[in-house]
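Analysis of the macromolecular model
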Amino acid sequence: MKAAVCKKIGEVEDITITTMAPPLMREDHLRIRVRSCALNFPDILTVQGKYQRQPPLPFAPGMECAGEIMEVGPKAKGDFRVGDRVMAQPGVGCLAEQVCCSPLSAYHIPDNVSFDHAAGFIVTYGTVYHAFADRGDLKSGESLLVLGAAGGVGLAAVELGKLMGAKVIAAASTDAKLKVCAQYGADHLLNYTEEPIKDTVLGLTDEKGVDVVFDPVGGDATLQSLRCINRNGRLLIIGFASGVIPDIPANRLLLRQCQAVGVAYGSYGIAFPEKARANMTVLSRWWAEGKLKPHVSMIFPLDESVAALNALATRKAVGKVVVHIP
Ligand SMILES: NC(=O)c1ccc[n+]([C@@H]2O[C@H](COP(=O)([O-])OP(=O)(O)OC[C@H]3O[C@@H](n4cnc5c(N)ncnc54)[C@H](OP(=O)(O)O)[C@@H]3O)[C@@H](O)[C@H]2O)c1
């Protein structure tokens, strides 16, 4: 099968488009003909050898995809048949024509939704809903600061935050990105390359600070957010797209009487697959009701997988970047 293959740990430019043997399938798994692979920042980290779970070499990156079921293992559980249209989160291997995964990480997709739009639903919306519902206890009426708000998980956080009743401050690096955040319902826009996070947020919240911070960026943005978080606030640690893991000063947590809360959707899904599926049932219902509209800004062919990954690495992506495999 054709695939984008990482043969050595390095940079995304080292990925080659080549053929490799189709993956072996366990008896309790599904084989999917991948039609579309949605990219996530951890795909880059995996190629660089910086992600917490590293697959053995060689591998095709790509955590999640959408496509048709080619084969159902004789011991696979669930209501899956050959030809079903599904989205899935195998964790790795989706930048390829075929991938295998547990039925626990596969979900049917509605007939009227394209593979390109379904491919990136699980990780972005799954992470954000887990962060808000299970980890951050986001309540209707609370204020929410979203950093990196036009990125994959960021834009989903703006959209879900509004849907869950929060007052959303979207923070990003360009006005063009913030314009998309406004279309997704953000109440306030903050360009953090032009204005300080702390002063703007305090100004918008009567000097109290925000109740919840959704932080996929890290670095200085995290430290500034800790200076404008409310009493009983929750700083949701999602990731470090800036490349800098901040050292959180414990006195900040004490002074503002707030919490820093870790969020790890991948390991949550492995430890509690039924809870993750229950969350996805809620999200799928909102999606079917038209309350969620996954934003795909760029679609690349498999041959241009390196350019697709670089769109994320160079901060050009808005919402999701997808690799289409016809
Ligand atoms: N904890 C979890 O379960 C979980 C799940 C999924 C993803 N994540 C993490 O969340 C983060 C975002 O993932 P994503 O897939 O949403 O990525 P993404 O689409 O590329 O978004 C990342 C955002 O971070 C901002 N950013 C700031 N500095 C950056 C830099 N030096 N390089 C690239 N982006 C930078 C960019 O916004 P501006 O240009 O506006 O600053 C960009 O929109 C990653 O760290 C990822 O590992 C965590």
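Everything numeric in this text was worked out from a predicted model, so none of it was measured. (Residues numbered from 1 in each chain as written. Predicted model: local features only at pLDDT ≥ 70, side-chain atom pairs only at ≥ 80, totals over all residues. Heavy atoms only, no water.)

Attention shifts here to the overall build of the protein. The number of helices and strands found in the protein is eleven helices and 15 strands. When burial is assessed residue by residue, the protein has 53% of its 326 residues classed as buried. Here the contacts in the protein between residues at least 6 apart in sequence split such that 67% fall between residues at least 24 apart. When the accessible area of the protein is evaluated, it comes to approximately 14100 Å², of which 53% is carbon and sulfur surface. (Helix = DSSP H or I, 4+ residues; strand = E, 2+ residues; numbered from the N terminus. Buried < 20%, exposed > 50% of the residue type's maximum accessible area, 1.4 Å probe, protein only. Contact = heavy atoms within 4.5 Å. Areas by Shrake-Rupley, 256 points an atom, 1.4 Å probe, with all protein chains shown as cover.)

What follows concerns the pattern of salt bridges. Counted according to the given criterion, the structure contains eleven salt bridges. Measuring nitrogen to oxygen at the nearest pair gives 3.1 Å for the salt bridge that ties Asp187 to Lys162. Of this pair, Asp187 sits in the loop between α5 (175-183) and β10 (188-191) while Lys162 sits in helix α4 (residues 152-163), and the two are 25 residues apart along the sequence. Via salt bridges that share partners, Arg285, Glu289 and Lys291 belong to a single interconnected network. (Salt bridge = Lys/Arg side-chain N within 4 Å of Asp/Glu carboxyl O.)

Moving on, we come to the domain arrangement of the protein. When the parts of a complex come together, some accessible area is lost, and that lost area is often taken as the interface size. With domains assigned, the protein is organised as domain 1 (2-120 + 294-324) and domain 2 (123-266). Relative to domain 2, the C-alpha centre of domain 1 lies at a distance of 28 Å. On the side of domain 2, 15 residues touch domain 1, which itself brings 13 residues to the contact. With both sides pooled, the region where domain 1 packs onto domain 2 buries about 1200 Å², and carbon together with sulfur makes up 56% of that total. The largest share of the area that domain 1 buries against domain 2 comes from His295, Arg315 and Val318, three residues that together contribute 34% of it. Summed over the shared surface of domain 1 and domain 2, the number is five residue pairs in polar contact (both at pLDDT 80 or more). (Domains from an automatic or database assignment. Buried area = accessible area lost by both parts, 1.4 Å probe. Polar contact = N/O pair within 3.5 Å; in protein donor to acceptor, adjacent residues only side chain to side chain.)

To continue, consider the site of the ligand. Among the 27 residues in the neighbourhood of the ligand, the closest are listed as Gly152, Ser173, Lys177, Tyr192 and Val263. In the complex, 91% of the free accessible area of the ligand, which totals 910 Å², lies under the protein chains. Breaking the shell around the ligand down by element, the ones donating at least two residues are α1 (41-47), α3 (121-135), α4 and α11 (305-313). The leading source of residues in the shell around the ligand is α1, at three residues. Of the residues assigned to the shell around the ligand, the class counts are 17 nonpolar, eight polar and two charged. Built from parts of two domains, the shell around the ligand gets at least three residues from each of domain 1 (2-120 + 294-324) and domain 2 (123-266). (Near = heavy atom within 4 Å. Nonpolar A, V, L, I, M, F, W, Y, C, P; charged D, E, K, R; others polar.)

Reading across from one edge, β10-β9-β8-β11-β12-β13 is the order of the six strands in this open sheet, with parallel pairing throughout. The two strands at the open ends of the sheet, each matched to only one other strand, are β10 and β13 (259-262). Taking the axes of each pair of neighbouring strands and ignoring which way they run, one obtains an average angle of 20° across the sheet. As paired strands, strand β12 (residues 229-237) and β13 are joined by four bridges and run parallel to one another. (Pairing = 2+ DSSP bridges. Axes fitted to C-alpha atoms, helices over the stretch in contact; angles between N-to-C directions.)

Another point: the nonpolar core. Formed by 55 residues in total, the largest nonpolar core has its most connected members in Met87, Phe132, Leu144, Leu160, Phe214 and Leu283. Considering each element in turn, this core owes the most residues, seven residues, to α3. Both domain 1 (2-120 + 294-324) and domain 2 (123-266) contribute no fewer than three residues apiece to this core. Not counting residues within four places of it along the chain, the set of residues in contact with Leu160 comprises Tyr125, Val128, Tyr129, Phe132, Leu283, Trp286 and Leu292. Counting residues in each nonpolar core, the second largest holds 33 residues, with Ala4, Ala76, Cys94 and Ala308 among its members. (Core = buried A, V, L, I, M, F, W, Y, C linked by side-chain atoms within 4.5 Å.)

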